[in-house]
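# Observations on the three-dimensional arrangement
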Amino acid sequence: MIAQNNVRSTNNDPVESSESYPITGGSNGAGTSRLFRQFGSLFSSPAATTDPAGYVEFGSISDPSSSSGRTLGTFAGVFCPVALSMFSALVFIRVGFIVGNAGLYVTLLQFIIAYVILLFTVSSVCAISTNGAVEGGGVYFMISRTLGPEFGGSIGTLFFLANVVGCGLAISGCAEGIIQNFGPSDGAGSGTIPDGRWWRFLYCSSLNTLMLIVVLIGAEMFAKTSMLILGVVVICLLSTYVSFLTQGPMEVNIPHENNLVNFTSAHYTGLLADTLWSNLHSNYTKDYTSNGNQVNFAVVFGVLFSGVTGIMAGANMSGELKNPSKSIPAGTLSAVLFTFLCYMALSILIAATTTSTLLQNNFLFLGPINIWPTFVTIGILTATFSTGLSNLIGASRVMEALAKDRVFGPLMSFVIKGTYKNNPIAGVIASWMLVETILLIGSLNTIAQINSVLFMLSYLATNLACLGIEITGAPNFRPTYKYFSWHTALIGLLGTAIMMFVINSIYALSSIILCLFLVIALHLFSPACQGAQWGSISQALMFHQVRKYLLMLDSRKDHVKFWRPQMLLLVASPRSCCPLVHFVNDMKKGGTYVIGHVKVGEFADNDSSNDPTIEEYTQWLSLLDHLKVKAFVELTLSKSVREGIQHLIRISGMGAMKPNTTILGFYDEEQSKDFFEYEDSPYKTNEFDGNGVKLFPYRKSGESKSLGVVEYVRIIDDVLRMRKNLCLCRHFHRLDKQMIARNNHIRYIDVWPVNIFEPKNEDPFDVVSQFMMQLACIIKMLPIWKKLELRVFLCESETVSENSAAFERPAEHRLDQRLKLLRISASIHKIPEWNKDIDFAKHRNILKQFTGNSDSNQMMAEENINRSKLYMQRINQIIRDRSNATAVTFMYLPTPPATSSVDYKEKCHHYLDLLTELTFDLPPTILVHGIDAVTSTTL
């Protein structure tokens, strides 16, 4: 039942048995699985490698500037997009609203809070971008290559939607500016262009189409446009500063749509100390643009923060930057500093020149007080147009990255096919169509809050990624950006999480739920999650935590109350023992489960080939995936099966999580069945039959065993002497869990707590019997097995007499009390013919000679051997008569013959022959021998 073959041999040696334990040596490199579950470093090795999507992996060394299509530098590719996105419409139409309601003190405080959060998030972005080559996809690329495809794909999808919605909002704001200045909404009752719902949609669509043309021309054209627009916005902003310093007092009209007040104008004072003093403190009123809703701190901060969520605009251009690792940190930080100073100066000047009445009732007051009002109009239009342009190209680049990684499978394959000269034409058009859909929705204030929350969620994920890497202490995480630490990531994480709920708790909670839904869906169905080899932060975190808790788990503190089975199943060929692998998986009860295999051979000094177990390891991991069992794999190379098993028993597991129970297949002559080829088998697959080579070969009909009886019995003795519980499993090729689940004929799990070789009345209460009852109880806890009844058979060896009831009743009563103390629900069944048909006294001394408890060194007579076989056949018949409806039978395994006994080899053969006769034609049977107590009756 044990496989054995030489490493240097070109042919596969026969495998031992259907449930044999050591491994077959025939597995070679063919059919190596594409799934890898080994712990590895979070980032790739320093050598440049390319992932399946065509990206250079994190941690690899490459020269981004050498890639075709990379034309943008720091200023054009990062500074301009970030600065424009952070200005947006806020700089011209919302700063006055913020100062007028929150006051200068709170306004400055809010800007500081917002920019501190942004600064720490930028620090995380800089850490990731300077740790390796950054490709197209910006934030999505960073998060997916750090958190893994599930989190990266979900956050990337939400970030894509945020860019789409942000583009729609910017276009709508731009259209509002046009209508405000050239339509009837200017208060004069007439205008050069008409207004209305569908007219506005036409203007928005025209602007969206203009943006589409700019982006289709290419990223370089976008960069040139951004530089020009930034120059225009800066000139318009400077004109506003100059106007504050030069313009004197004046009256400014209140917009006609403001019906909350009964006056038509408010006063602009120019630079005045009294005005500054009156604007220092908060004075919250109602918002005339949202049906008179009350303004508060959260509303003001939501408006402020939604205007500065543009720090990722530069990262979105990572695919077009000559040197992303250098440009993203420098450009983003300089843009953040520049916009912060501009906003702070603008807030102070507004507070010092404009009354709170004007600030609260006319959000576009910057136009009338400007030395040339057209400057403000141009500033509004250019700022919103550039923001929409940045969002549109950002959305298309994220969509392209999602398509390349096959996050949504073939659903986005058209994006890859529609790429021309490094510009995702199909992605741009798809994003443009989605923006058109957003423009139909309306309710811009509501959409703006959702948009802000989506951006905040992407910032949160970025900080979470960096915090996780820093906590795990991954050696390959060595960013050249020196101002990052886990403190900055944690502050950024907490800040973004809190402010998400400050802006809108409902939208924040909804976006998190949507993100978790995407994580689960992508984990289950996404091709990227099945084949991606980017490295996942979850693996690094689990490694960090497992190592820590393994060190804390002290085997010296083990207590029987918390005992659980830790299984080592020794397998020759998994093809022939799939049901047994599944059964042991059920029996482990949350304990460690290790599948071990011995490859027989020699690791010679003059052999230049690698260790063959390294190549086979991934094949065994793929096998576990196919069988859907939660187990570890241990492979070893040894000169003999026995020596290899000793290795596995000693080295399997780690720390206090080492196997305490070893499980072997039974040594018999039954023909093995290939469950991978068997037509009705639930394990049928051709995954391991690639390239004409059948992995995991097994012993076929007519092939001899490569493991002898004596060596097998010695292995049994080794396991017990190494103080491990032992189980020998037979007939498990007959186990069909599906039939158990649907067939009411199979109703029992049987336990026979009697040592057939040396029966005693104390047997039901010894360590071995309680161990087998514990295993049976564990099996019965699982859903499929829970419907079965647990039966314990009481077999007494007393001679039957007239007063037999006096003997039977106390033993049955003691067993019943013991089961109640152990909280095991089982029925007790007495075997009346046990004493009537079988003479224990006559066979006891004979049978004892075959076990390790024998103190006799005399030769065994042929007559005694034959009588013992007949005895076993009679017991087997008794058991079979009661096993017609039995799913699994647990039986007592006696110790093997002592190695020092006379005629040891012959005794080994007789020992195994008697076990074979005992278990002949039974249901799936486990012969059990326990070493230590595993049950407790105390709290």
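Residues numbered from 1 in each chain as written. Predicted model: local features only at pLDDT ≥ 70, side-chain atom pairs only at ≥ 80, totals over all residues. Heavy atoms only, no water.

### A closer look at the overall build of the protein chain
Within the protein chain one finds 33 helices and 16 strands. Taking all 939 residues of the protein chain together, 57% fall into the buried category. The long-range share in the protein chain, meaning contacts at least 24 apart out of those at least 6 apart in sequence, stands at 82%. For the protein chain, the computed accessible surface area is about 38,800 Å², with 58% contributed by carbon and sulfur atoms. (Helix = DSSP H or I, 4+ residues; strand = E, 2+ residues; numbered from the N terminus. Buried < 20%, exposed > 50% of the residue type's maximum accessible area, 1.4 Å probe, protein only. Contact = heavy atoms within 4.5 Å. Areas by Shrake-Rupley, 256 points an atom, 1.4 Å probe, with all protein chains shown as cover.)

### Some words on the packing of helix H3 (residues 95-129) against helix H9 (residues 297-306)
Where H3 meets H9, the closest approach of the two axes is 9 Å, and the angle between their N-to-C directions is 55°. By the angle class used here, H3 and H9 are oblique. Crossing geometry of H3 relative to H9 is assigned as right-handed. Side by side, H3 and H9 meet where Phe97, Ile98, Asn101, Ala102, Val106, Gln110, Phe111, Ile113, Ala114, Ile117 and Leu118 of the first sit next to Phe297, Val300, Phe301, Val303, Leu304 and Phe305 of the second. Class assignment for the residues of the contact of H3 with H9 results in 15 nonpolar, 2 polar and no charged. (Axes fitted to C-alpha atoms, helices over the stretch in contact; angles between N-to-C directions. Parallel < 35°, antiparallel > 145°, perpendicular 65-115°, else oblique. Left-handed = near helix turned anticlockwise from the far one by under 90°. Nonpolar A, V, L, I, M, F, W, Y, C, P; charged D, E, K, R; others polar.)

### Brief notes about the packing of aromatic side chains
Scanning the entire structure with this criterion turns up 23 aromatic pairs. Pairing Phe87 with Phe338 gives two aromatic rings, centres 6.0 Å apart and planes at 70°, and the pair type is edge-to-face. On the criterion of sequence distance, the pair formed by Phe87 in helix H1 (residues 74-87) and Phe338 in helix H11 (residues 324-353) is long-range, its members being 251 residues apart. Given the relative accessible area of 26%, Phe338 is considered partly exposed. Grouping aromatic residues by their ring pairs yields a cluster made of Phe75, Phe79, Phe87, Phe111, Phe338 and Tyr343. Between the NZ or CZ atom of Lys548 and the centre of the ring of Tyr549, over which it lies, the distance is 5.2 Å. For the cation-ring pair, Arg791 lies above Tyr748, with the distance from its terminal atom to the ring centre recorded as 3.7 Å. (Phe/Tyr/Trp six-rings, centres within 6.5 Å; stacked < 30°, edge-to-face > 60°. Lys NZ or Arg CZ within 6 Å of the ring centre and 35° of its normal.)

### Considerations on the pattern of salt bridges
Considering all chains together, one arrives at 15 salt bridges under this definition. Each member of the salt-bridge network shares a partner with another, and the members are Arg642, Asp717, Asp718 and Arg721. (Salt bridge = Lys/Arg side-chain N within 4 Å of Asp/Glu carboxyl O.)

### Some points on the pairing of strand E11 (residues 725-730)
Taking burial as the measure, the 6 residues of E11 include 6 buried ones, the bulk of the element. Bridge analysis of E11 against strand E16 (residues 925-929) gives 5 bridges, and the strand direction is antiparallel. Residue pairing for E16: Cys727 is matched across the bridge by Val928. (Pairing = 2+ DSSP bridges.)

### Looking at the side chain of Asn585
Relative to the helices and strands, Asn585 resides in helix H22 (residues 578-587). Within the structure, Asn585 has its side chain in polar contact with the side chain of Lys588 (distance 2.8 Å). (Polar contact = N/O pair within 3.5 Å; in protein donor to acceptor, adjacent residues only side chain to side chain.)

### Overview of the sheet that holds E16
On the basis of which strands lie adjacent, the open sheet formed by 10 strands has the order E9-E8-E7-E10-E11-E16-E15-E12-E13-E14 and mixed pairing. Of all the strands in the sheet, the pair left with one neighbour each is strand E9 (632-638) and strand E14 (827-830). On average, each strand axis in the sheet is tilted by 25° relative to the strand beside it, whichever way the strands run. Judged from the 4 bridges that link them, strand E7 (residues 567-570) and strand E8 (residues 593-600) form a sheet pairing that is parallel. Bridging from a neighbouring strand, Met567 pairs with Tyr593 of E8.

### Considering the confidence of the model for the protein chain
Predicted confidence across the protein chain gives a mean pLDDT of 79, with 81% of residues reaching 70 or more. Predicted confidence for residues 1-68 stays below pLDDT 50, and this span has 257 contacts to residues more than four positions away or in other chains. This model gives residues 799-808 a pLDDT under 50, and the stretch forms 8 contacts once residues within four places in sequence are excluded. (pLDDT = per-residue confidence, 0-100.)

### As for the nonpolar core
Ranked by internal contacts, the top residues of the largest apolar core, which has 146 residues, are Phe92, Phe244, Phe305 and Tyr343. Dropping the residues within four chain positions of it, Phe244 is found in contact with Tyr268, Leu271, Leu346, Leu349, Ile350, Thr353, Thr354, Phe365, Leu366 and Ile369. Of all hydrophobic cores here, the second largest spans 65 residues; its members include Leu569, Val581, Ile740 and Val768. (Core = buried A, V, L, I, M, F, W, Y, C linked by side-chain atoms within 4.5 Å.)

### Some remarks on the environment of Ile875
In this structure, Ile875 sits in helix H32 (residues 862-881). C-alpha separation for the pair Ile875 and Thr919, spaced 44 residues apart in sequence, amounts to 9.4 Å.

### Some points on H3
The end-to-end C-alpha distance of H3, which contains 35 residues, comes to just 32 Å, noticeably less than the 51 Å that a straight helix rising 1.5 Å per residue would cover. The largest bend in H3 is about 115°, located at Gly103. For H3, a buried count of 29 out of 35 residues is recorded, marking the element as mostly surrounded by other parts of the structure. (Expected span 1.5 Å × (residues − 1). Bend = angle between axes of the 7 residues up to and from the residue.)

### Considerations on the environment of Cys729
Summarising the element assignment, Cys729 is placed in strand E11. On the basis of relative accessible area, Cys729 is assigned to the buried category, the value being 1%.

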